[in-house]
Amino acid sequence: MADSYGSQPFVGKAIKELPREKVTLMTKIWTHDEGSEQREPVSKTLDCLRQEMGTDYIDILLMHCMTSGDWPETCKFYMDGLAKAKEDSVVKAVGISCHNWDALVEAANNPWCDII
């Protein structure tokens, strides 16, 4: 899933009758914004996603479409918010979806990243 795909409500409906512990939910958030004035707090975004999916927690949350190796600098706002969500057990694992070799190399060497 991804917030930009709008797929969370459909998945939420599909898993409604399933035991939550038998389902692994992975979704992605978009981090390519035009500046801090347009950013919502990460916690607010995650609250929305969890509500759409009907769950208390998200198993895997990726930052969507990393296209350069400097993503730890350009996405620090999101990384900090996701680290806090992980501490609070709102998210179990964090990572990135890679669309570039340099982004992948950075992810493989970055201790923040649980999942690529």
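Only a predicted model underlies this, so the values are computations on that prediction, with no experimental measurement involved.

K.L.:
Explain the pattern of salt bridges to me, please; I cannot follow it from the model alone.
P.N.:
For side chains of opposite charge, pairing can occur when their charged atoms come near one another. One pass over the structure, following the stated rule, counts seven salt bridges. K76 is the salt-bridge partner of D80, the closest N and O atoms lying 2.9 Å from each other. Of this pair, D80 and K76 both sit in helix α4 (residues 76–87), four residues apart, which is roughly one turn of the helix. Judged by its relative accessible area of 42%, D80 falls in the partly exposed class. Assessed through its relative accessible area of 47%, K76 is described here as partly exposed. Residues joined in a network through salt bridges with shared partners are R20, D59 and K92.

K.L.:
Explain helix α1 (residues 8–15) here, please?
P.N.:
An α-helix turns once every 3.6 residues. As a result, residues three or four positions apart point the same way. Within the span of α1, buried status applies to Q8, G12 and I15. Looking down the long axis of α1, one finds its buried residues gathered within 80 degrees of arc, a one-sided arrangement. For α1, exposure combined with an orientation more than 90 degrees from the buried face picks out F10, K13 and A14.

K.L.:
Before we go on, may I ask you to explain unusual backbone geometry in this structure?
P.N.:
If a residue is not glycine, its phi is most likely negative; likewise, a peptide bond is most likely trans. Despite not being glycine, C65 shows a phi value in the positive range, around 65 degrees. Examined against the element boundaries, C65 turns out to sit in strand β2 (residues 58–66). Look at C65 and you get buried, because its relative accessible area is 17%.

K.L.:
Got a minute to help me understand the side chain of K28 in this structure?
P.N.:
Within the element layout of this structure, K28 appears in strand β1 (residues 26–30). The buried charged residue K28 lacks any salt bridge partner; its closest oppositely charged side chain belongs to D3, at an N-O distance of 8.7 Å. For K28, the side chain forms a polar contact with the side chain of Y5, separated by 3.1 Å. Those residues in contact with K28, other than ones at most four positions away along the chain, are M1, A2, D3, Y5, L62, H64 and S97.

K.L.:
It is not clear to me how a nonpolar patch on the surface should be interpreted in this structure. Could you clarify?
P.N.:
The grouping of W101, L104, V105 and I116 at the surface amounts to a nonpolar patch, some 400 Å² of accessible area in total. Tracing the sequence through the fold places V105 in helix α5 (residues 101–109).

K.L.:
Help me understand α4, please; the structure alone is not making it clear to me.
P.N.:
Compared with the 16 Å implied by 1.5 Å per residue over twelve residues, the 16 Å span of α4 between its first and last C-alpha is a close match. Among the residues of α4, Y78, M79, G81, L82 and A85 are the ones counted as buried. Seen from one end, α4 has its buried residues packed into an arc of 165 degrees, which puts them on one side. In the core, the buried residues of α4 are packed alongside β1, α2 (42–53), β2, α3 (71–74) and β3 (91–98). Immediately downstream of α4, the backbone of S89 shows phi near 65 degrees, a positive value.

K.L.:
Where do I start with the packing of aromatic side chains in this structure?
P.N.:
Each aromatic ring pair is specified by the distance between its two centres and by the angle formed by the two planes. Under the definition given, this model contains two aromatic pairs. With centroids separated by 6.1 Å and ring planes inclined at 55 degrees, the aromatic side chains of W71 and W112 adopt a geometry described as tilted. Note that W71 is positioned in helix α3 and W112 in the segment after α5, a separation of 41 residues in sequence. Taking the relative accessible area as the measure of exposure, W71 reaches 1% and is therefore buried. Judged by its relative accessible area of 14%, W112 falls in the buried class. Centre to centre, the rings of F77 and Y78 are 5.0 Å apart; their planes meet at 90 degrees, and the pair counts as edge-to-face. The exposure class assigned to F77 is partly exposed, which follows from its relative accessible area of 30%. Looking at Y78, the relative accessible area reads 8%, which means it is buried. For the cation-ring pair, R20 lies above Y57, with the distance from its terminal atom to the ring centre recorded as 3.9 Å.

Quick notes on the rules
- Residues numbered from 1 in each chain as written.
- Predicted model: local features only at pLDDT ≥ 70, side-chain atom pairs only at ≥ 80, totals over all residues.
- Heavy atoms only, no water.
- Salt bridge = Lys/Arg side-chain N within 4 Å of Asp/Glu carboxyl O.
- Helix = DSSP H or I, 4+ residues; strand = E, 2+ residues; numbered from the N terminus.
- Buried < 20%, exposed > 50% of the residue type's maximum accessible area, 1.4 Å probe, protein only.
- Arc of directions from axis to C-beta.
- Lys, Arg positive; Asp, Glu negative; His and termini not counted.
- Polar contact = N/O pair within 3.5 Å; in protein donor to acceptor, adjacent residues only side chain to side chain.
- Contact = heavy atoms within 4.5 Å.
- Patch = residues over 30% accessible without salt bridge, like charges linked within 9 Å, V, L, I, M, F, W, Y side chains within 5 Å.
- Areas by Shrake-Rupley, 256 points an atom, 1.4 Å probe, with all protein chains shown as cover.
- Expected span 1.5 Å × (residues − 1).
- Phe/Tyr/Trp six-rings, centres within 6.5 Å; stacked < 30°, edge-to-face > 60°.
- Lys NZ or Arg CZ within 6 Å of the ring centre and 35° of its normal.

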